[in-house]
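# Fold and geometry: a report
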Amino acid sequence: MEFVIVGYGRVGSRTARVLREEGHDVTVVDNDEKKVDRALDEGFEAIYGDGGTESVLKSAGIEAADAVGGLTGDPNINFAACMLGKEFGCRSVMRISEDYRQEIYERYADDVDEIVYPERLGAAGAKTALLGGDFNALGDLTDQLRLTTVSIPEDAPIIGDHVASIDLGADGRVYAHGRAREPMTIPLPGTVVEPGDQLALLTDRDALDRVRTKLLG
């Protein structure tokens, strides 16, 4: 797959490296010449310029990309990059700081495919969001434990169950729940699973298939 990463700071650089390590093609865009030079030195295709402008993104190959990540510290640049990416059929993932107020989050949330909070999930979360899918292993916590998120489809067997009652046995446990585009939190006792919900799990590395079957059918 081909990705355009706008922003080569802490989150953008790590996300680019993870994607490349998994065999994907990555082009970096940044308006800081030093960061562009660093990306080039590290072996990436890199474009200097404003990642929120069409001409720069075209130079980065946005027309052929599968996804664009607006991962700078500026939500306006990130949003502009995502909107331009969507015009070319890209999946769009936008970084936003959790320090922003809820109304700022809501301003962007309905227009992009996914918002990531680097303070919570870092590069692994950004990478997973760019790849898409409904069952995503974000990273290894230990040799045997994985941090995983799952999006619940309409036909999942756990629809209507209380989150607190989901029993994965020795294979893992649910530790957070989110609805629609709301941030994930520890589920309340009365929270019921609905289509489109997100669950965050701790799972045994070797049990992902069993967990997937139990949750998604």
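Since the structure is predicted, the reported quantities are computational estimates derived from the model, not experimental observations. (Residues numbered from 1 in each chain as written. Predicted model: local features only at pLDDT ≥ 70, side-chain atom pairs only at ≥ 80, totals over all residues. Heavy atoms only, no water.)

## A few points about the overall build of the chain
In plain terms, the rule: A run of H or I in DSSP becomes a helix once it reaches four residues, and a run of E becomes a strand once it reaches two; helices and strands are each numbered from the N terminus. Only protein chains enter the calculation, and the probe is 1.4 Å; a residue is then buried if its accessible area is under 20% of its type maximum, exposed if over 50%, and partly exposed in between. Note on definitions: a residue-residue contact is assigned when non-hydrogen atoms from the two residues lie within 4.5 Å. Each accessible area value is a Shrake-Rupley result obtained with a 1.4 Å probe; residue values ignore everything except the protein chains displayed when judging cover.
When its secondary structure is counted, the chain shows seven helices and 10 strands. Looking at the chain as a whole, 47% of its 217 residues qualify as buried. In the chain, 56% of the contacts between residues at least 6 apart in sequence involve partners at least 24 apart. With an accessible surface of roughly 10,700 Å², the chain has 46% of that area assigned to carbon and sulfur atoms.

## Some details on the confidence of the model for the chain
Do not read the predicted coordinates in detail wherever pLDDT is low. Going by this rule: The predictor attaches a confidence to each residue, and that confidence, scored 0 to 100, is pLDDT.
For the chain, per-residue confidence averages 82 on the pLDDT scale, and 80% of positions sit at 70 or higher. Element-level pLDDT for the chain is lowest in strand β7 (residues 135–140), with a mean of 46, against a maximum mean of 97 in strand β3 (residues 45–48). Within the model, pLDDT remains below 50 along residues 134–142, and this stretch shows 36 contacts once partners closer than five positions in the same chain are excluded.

## Details of the pairing of strand β5 (residues 91–95)
For the record, the criterion: Note on pairing: two strands pair once DSSP finds at least 2 bridges between them. Orient the strands so they point away from the viewer; a crossover is then right-handed if the path from the first strand over the helix to the second runs clockwise.
The buried fraction of β5 is high, at four of five residues. As paired elements, strand β4 (residues 67–70) and β5 share four bridges and run parallel to each other. The residue bridging V68 from the neighbouring strand is S92, located in β5. Crossover handedness for the path β4 to helix α4 (residues 75–87) to β5: right-handed.

## Overview of the nonpolar core
Test applied: Here the nonpolar core consists of buried residues drawn from Ala, Val, Leu, Ile, Met, Phe, Trp, Tyr and Cys, with membership extended through side-chain atoms lying within 4.5 Å.
Within the largest apolar cluster, 16 residues are counted, with the highest numbers of intra-cluster contacts made by Y8, A16, V26, V28, A39 and F44. Within the residue set of this core, elements represented by two or more residues are β1 (2–6), α1 (10–21), β2 (25–30) and α2 (33–41). Apart from residues no more than four positions distant in its own chain, V28 is found in contact with I5, Y8, A16, A39, F44, E45, A46 and I47. Counting residues in each nonpolar core, the second largest holds 14 residues, with A156, I158, V211 and L215 among its members.

## A few points about the environment of Y175
The topology assignment puts Y175 in strand β9 (residues 172–178). Taking the C-alpha atoms as reference points, Y175 and V163, 12 residues apart in sequence, are found 9.4 Å from one another.

## Looking at the pattern of salt bridges
For side chains bearing opposite charge, pairing can occur when the charged atoms are close. This is how it is decided: In the sections that follow, a salt bridge refers to a side-chain nitrogen of Lys or Arg positioned within 4 Å of a carboxyl oxygen of Asp or Glu.
If you walk through the whole model with that rule in mind, you get seven salt bridges. The salt bridge involving E54 is made with K58; its shortest N-O contact spans 3.3 Å. One end of the pair is E54 and the other is K58, both in helix α3 (residues 54–59) and four residues apart, which spans about a single turn. The class of K58 is partly exposed, set by a relative accessible area of 36%. D209 serves as the salt-bridge partner of R212, at 2.8 Å between the closest nitrogen and oxygen. Of this pair, R212 and D209 both sit in helix α7 (residues 208–216), three residues apart, which is roughly one turn of the helix. For R212, a relative accessible area of 31% gives the class partly exposed. According to the relative accessible area criterion, D209 is exposed, its value standing at 55%. Three or more residues are tied together by salt bridges with common partners; here these are R179, E194 and D197.

## Things to note about α2
Worth spelling out the cut-off: Whenever a nitrogen or oxygen atom comes within 3.5 Å of another N or O atom, the pair is scored as a polar contact, on the condition that within protein one atom can donate a hydrogen and the other can accept it, and that pairs from neighbouring residues in sequence are kept only if both atoms are in side chains.
In this structure D32 caps α2, since a side-chain oxygen of it lies 2.9 Å from the backbone nitrogen of K34. The positive-phi residue at the C-terminal boundary of α2 is G43, with phi of around 95 degrees.

## Digging into the sheet that holds β4
What counts, and what does not: Interaxial angle, 0 to 180 degrees, is taken between N-to-C directions of lines fitted to C-alpha atoms, where a helix line uses only the stretch in contact.
Overall, parallel pairing links the six strands, which are arranged β3-β2-β1-β4-β5-β6 in an open sheet. Edge positions in the open sheet fall to β3 and β6 (114–116), since each of these has one partner strand only. Averaged over all neighbouring strand pairs, the angle between strand axes comes to 20 degrees, with direction disregarded. Examined bridge by bridge, β1 and β2 share five bridges and lie parallel to one another. Bridge pairing links F3 to V26 in β2. Sitting on the sheet, α2 is in contact with β2 and β3, with an inclination near 165 degrees to β3.

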